[in-house]
Amino acid sequence: VNFILDDFEFRTRNWKKVHQLEHLFNLFKTKQFQEKGVKNTVFHGELLVKKNGKILDRKTGNGIINSCLNGTADPEDAKDVILIIWDCVTKRGFFEDICSIPYEARVKHAKRTVKLVGSDKFRFIETKIVNDYSEAQEFYQKMRAEGKEGAVLKNRLVKWKSHTSPEQIKLKNEEDAELRIV
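Remember, predicted model here, so these are calculated numbers, not experimental data.

Rules used in this analysis
- Residues numbered from 1 in each chain as written.
- Predicted model: local features only at pLDDT ≥ 70, side-chain atom pairs only at ≥ 80, totals over all residues.
- Heavy atoms only, no water.
- Phe/Tyr/Trp six-rings, centres within 6.5 Å; stacked < 30°, edge-to-face > 60°.
- Helix = DSSP H or I, 4+ residues; strand = E, 2+ residues; numbered from the N terminus.
- Buried < 20%, exposed > 50% of the residue type's maximum accessible area, 1.4 Å probe, protein only.
- Contact = heavy atoms within 4.5 Å.
- Expected span 1.5 Å × (residues − 1).
- Arc of directions from axis to C-beta.
- Disulfide = S-S within 2.5 Å.
- Salt bridge = Lys/Arg side-chain N within 4 Å of Asp/Glu carboxyl O.
- Pairing = 2+ DSSP bridges.
- pLDDT = per-residue confidence, 0-100.

Caption draft 1: View of the packing of aromatic side chains. For the coordinates displayed, the defined rule picks out 7 aromatic pairs. Seen from their ring centres, Trp15 and Phe95 are 6.1 Å apart, and the 85 degrees between their planes marks the pair as edge-to-face. Here Trp15, found in the loop between strand S2 (9–11) and strand S3 (17–18), pairs with Phe95, found in helix H5 (residues 91–96); they are 80 residues apart in sequence, far enough to count as distant. On the accessibility criterion, Trp15 (34% relative accessible area) is partly exposed. Given the relative accessible area of 49%, Phe95 is considered partly exposed.

In structure tokens form, the structure reads like this:
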């Protein structure tokens, strides 16, 4: 999902507007944020649903989020949607499909924004600086043990481009299975 801060809107990768997220917009309308806040920024991340302190499984959570796309979610369910961000770029860079700010600076900017907002409904994804492949594998295993899909290795100096970057590698689970389609 892309969250365009100045416009207070959420958009999918396919540019569909996500509705019913006023509770998230309100996080950015505080006096403190308005005085010290971030301007001209687009955040990239994912919307998840957290109920009773736990993130719902992907199928259930995505069902609620898809209902928000149509504006038909149960209002109580919609209030449980949270935003986990993993990157941010300037609004100009986003619309020009390239941002020259290095990843590590973008992460700093995003983390400052998360801290300024100060809500568990707006968080930065867990990150770790690793120095070699074994440390990357250790972090990946930790993420899998927590029920996450995996991890992404990123060059901390990489500039953002609107495409799949050769400067990052997804570490995901791979399993063999025998299936019968009926």
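Caption draft 2: Structural context of the environment of Leu153. Residue placement: Leu153 occurs in strand S9 (residues 150–154). A C-alpha to C-alpha distance of 19 Å links Leu153 and Ser100, two positions 53 residues apart in sequence. Beyond its immediate stretch of four places on either side in the chain, Leu153 contacts Val130, Ala136, Glu167, Gln168, Ile169 and Leu171.

Caption draft 3: Examining helix H7 (residues 133–145) more closely. Over its 13 residues, H7 runs 18 Å from end to end, which matches the ideal 18 Å to within 8%, given 1.5 Å per residue. Of the positions making up H7, those classed as buried are Ala136, Phe139, Tyr140 and Met143. Seen end-on, H7 carries its buried residues on one side only, within an arc spanning 100 degrees. In H7, those exposed residues whose orientation departs by more than 90 degrees from the buried face are Glu138 and Ala145. Those residues of H7 that are buried lie in contact with S9 and strand S11 (168–172). Backbone geometry just downstream of H7 places Gly147 in the positive-phi region, at approximately 85 degrees.

Caption draft 4: Seen up close, the state of the cysteines. Applying the stated criterion to the full structure yields 0 disulfides. Free cysteine: Cys88, not disulfide-bonded; nearest cysteine sulfur from Cys99 at 8.1 Å.

Caption draft 5: Structural detail: the pattern of salt bridges. One pass over the structure, following the stated rule, counts 13 salt bridges. Glu96 is the partner of Arg92 in a salt bridge, and the nearest nitrogen-oxygen pair spans 3.0 Å. Here Arg92 pairs with Glu96, and both are found in helix H5, just 4 residues apart, close to one helical turn. Residue classification places Glu96 among the partly exposed residues on the basis of a relative accessible area of 46%.

Caption draft 6: The arrangement of helix H6 (residues 103–117) in detail. With 15 residues, H6 should reach 21 Å at 1.5 Å per residue; the first-to-last C-alpha distance of 21 Å fits that figure. Among the residues making up H6, those that are buried are Tyr103, Arg106, Val107, Ala110, Thr113, Val114, Leu116 and Val117. Immediately downstream of H6, the backbone of Gly118 shows phi near 65 degrees, a positive value.

Caption draft 7: Spatial organisation of the pairing of strand S6 (residues 81–90). Of all 10 residues in S6, 8 are buried; the element is thus mostly enclosed. In terms of strand pairing, strand S4 (residues 41–51) meets S6 through 9 bridges, oriented antiparallel. Residue Val42 lies in a different strand from S6, and its bridge partner there is Val89. As judged from the 3 bridges shared by S6 and strand S8 (residues 122–124), these two strands associate in the parallel manner.

Caption draft 8: Highlighting the confidence of the model for the chain. Chain-level pLDDT for the chain is 89 on average; 98% of the residues reach the 70-or-more range. For the chain, per-element mean pLDDT is lowest for strand S1 (residues 2–4), which scores 71, and highest for helix H4 (residues 75–78), which scores 96.

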